[in-house]
Amino acid sequence: MSKEISKQEKEDYLSLMYEMKRKENQIVKSDLSRELEVPLSRVTRVTDGLLEEGYLLKDEGRRMFLTPMGLSKGQQCLERKRCLTEFLRLVSGVDGSIAKENACAIEHILDERILTGIRMFMESRHTYSYMTRGNDLNLMFPEGKRIMPIAFFEKGTSHPRILSKEYQQFEKRAEVAISKESYLYLKPIDSDLLKKEIRYCYGNQWMYAKKENGKFGILTEALDCTIRRNDKLSEGIVEIVVCDHHEEEIKEESVRILTVSLI
């Protein structure tokens, strides 16, 4: 018994038939068999199913044509395949045949929201904002050192944010060393601050910042990074506490929000 007709198979047929229709109005089974590399018996089974669903029709001479619904669906499937093919070529540099082969393999399993995002990117190079965690920043920036503006805010404030006293205690620009394990280095204005400790929240744990060359080092993996693509500033945030060396308990009123401008 022949296998059931899948949604993917129907879309592959409709896409090809729409493409062929522009060359010749009539749908020829032998052409479908040759292009899809399937036996005529399978072509007959699939096209009979498409006839029942209203995507195809037959005239008195039993010739097959796409209905308006079939034309619309076929055009949609073909455009989706072409958009995905061009996207894969753009991001990988592979030739058209490889990109098309891969596009055909993955187009049917992609969420429609992802396909919509790809279409928007191909049309206007617009991409969506998103949040990422556990990022060494080496996926966003090349390895090396960067300088990034920072600020400290009172926890629980948002519109507007309220600067905390720590904003006056550290330099306003931090050095970020990007590598396989990246660190953000906070430099205190008064070196006496190095007698204290900085603890930062990473996941559900409070970790101690390392002290190195007169600075406090915080793993960038601890940052919750919001990447904005509409000409708005992207940033990373992490909860921190400046505390005495012996202090173990984290008091909620001592928690601050460190923000890092990802530029």
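Keep in mind that what you see is a predicted model, and the values were worked out from it rather than measured.

### Quick notes on the packing of helix α1 (residues 7-21) against helix α2 (residues 29-36)
Between α1 and α2, whose axes approach to 11 Å, the crossing angle comes to 120 degrees. On the basis of the axis angle, α1 is oblique to α2. Viewed along their axes, α1 and α2 form a crossing whose handedness is right-handed. Judged by residue contacts, Tyr-13, Leu-16, Met-17 and Met-20 of α1 engage Asp-31, Leu-32, Glu-35 and Leu-36 from α2. Here the residues of the contact of α1 with α2 are counted per class, giving 6 nonpolar, no polar and 2 charged.

### Let's talk about the nonpolar core
By size, the foremost hydrophobic cluster in this structure holds 29 residues, and its most contacted members are Leu-186 and Leu-258. Secondary-structure elements contributing two or more residues to this core are β4 (144-154), β5 (173-178), β6 (183-186), β7 (197-202), β10 (215-219), β11 (224-227), β12 (235-243) and β13 (256-261). Looking at this core, the element that brings in the most residues is β6, giving 4 residues. Non-local contacts of Leu-186, meaning those with residues more than four positions away in its chain, are made with Ile-150, Phe-152, Phe-170, Ala-174, Ile-198, Lys-215, Phe-216, Ile-218 and Leu-258.

### Considering the pattern of salt bridges
In total, this model carries 26 salt bridges according to the counting rule given. The shortest N-O distance in the salt bridge between Arg-80 and Glu-11 comes to 2.6 Å. With Arg-80 in helix α4 (residues 68-92) and Glu-11 in helix α1, this residue pair connects regions lying 69 residues apart in the sequence. Between Arg-119 and Glu-112 there is a salt bridge, and its shortest N-O distance comes to 3.3 Å. For Arg-119, a relative accessible area of 25% translates into the label partly exposed. In this structure, a network of salt bridges that share partners links the residues Lys-7, Glu-11, Asp-12, Lys-73, Arg-80, Lys-81 and Glu-107.

### Notes on the packing of α4 against helix α5 (residues 96-106)
Each pair of packed helices gets described by two things: the angle between the helix axes and the distance between those axes. Where α4 meets α5, the axes come as close as 8 Å, and the angle between the chain directions of the two elements is 125 degrees. As far as their axial angle goes, α5 and α4 are oblique. Taken as a pair, α4 and α5 cross one another with a handedness that is right-handed. Counted together, Lys-81, Leu-84, Thr-85, Leu-88 and Arg-89 of α4 and Gly-96, Ala-99, Lys-100, Asn-102, Ala-103, Cys-104 and Ile-106 of α5 form the full contact between these two elements. Residue composition of the contact of α4 with α5, by class: 6 nonpolar, 3 polar and 3 charged.

How each quantity is defined
Residues numbered from 1 in each chain as written. Predicted model: local features only at pLDDT ≥ 70, side-chain atom pairs only at ≥ 80, totals over all residues. Heavy atoms only, no water. Axes fitted to C-alpha atoms, helices over the stretch in contact; angles between N-to-C directions. Helix = DSSP H or I, 4+ residues; strand = E, 2+ residues; numbered from the N terminus. Parallel < 35°, antiparallel > 145°, perpendicular 65-115°, else oblique. Left-handed = near helix turned anticlockwise from the far one by under 90°. Contact = heavy atoms within 4.5 Å. Nonpolar A, V, L, I, M, F, W, Y, C, P; charged D, E, K, R; others polar. Core = buried A, V, L, I, M, F, W, Y, C linked by side-chain atoms within 4.5 Å. Buried < 20%, exposed > 50% of the residue type's maximum accessible area, 1.4 Å probe, protein only. Salt bridge = Lys/Arg side-chain N within 4 Å of Asp/Glu carboxyl O.

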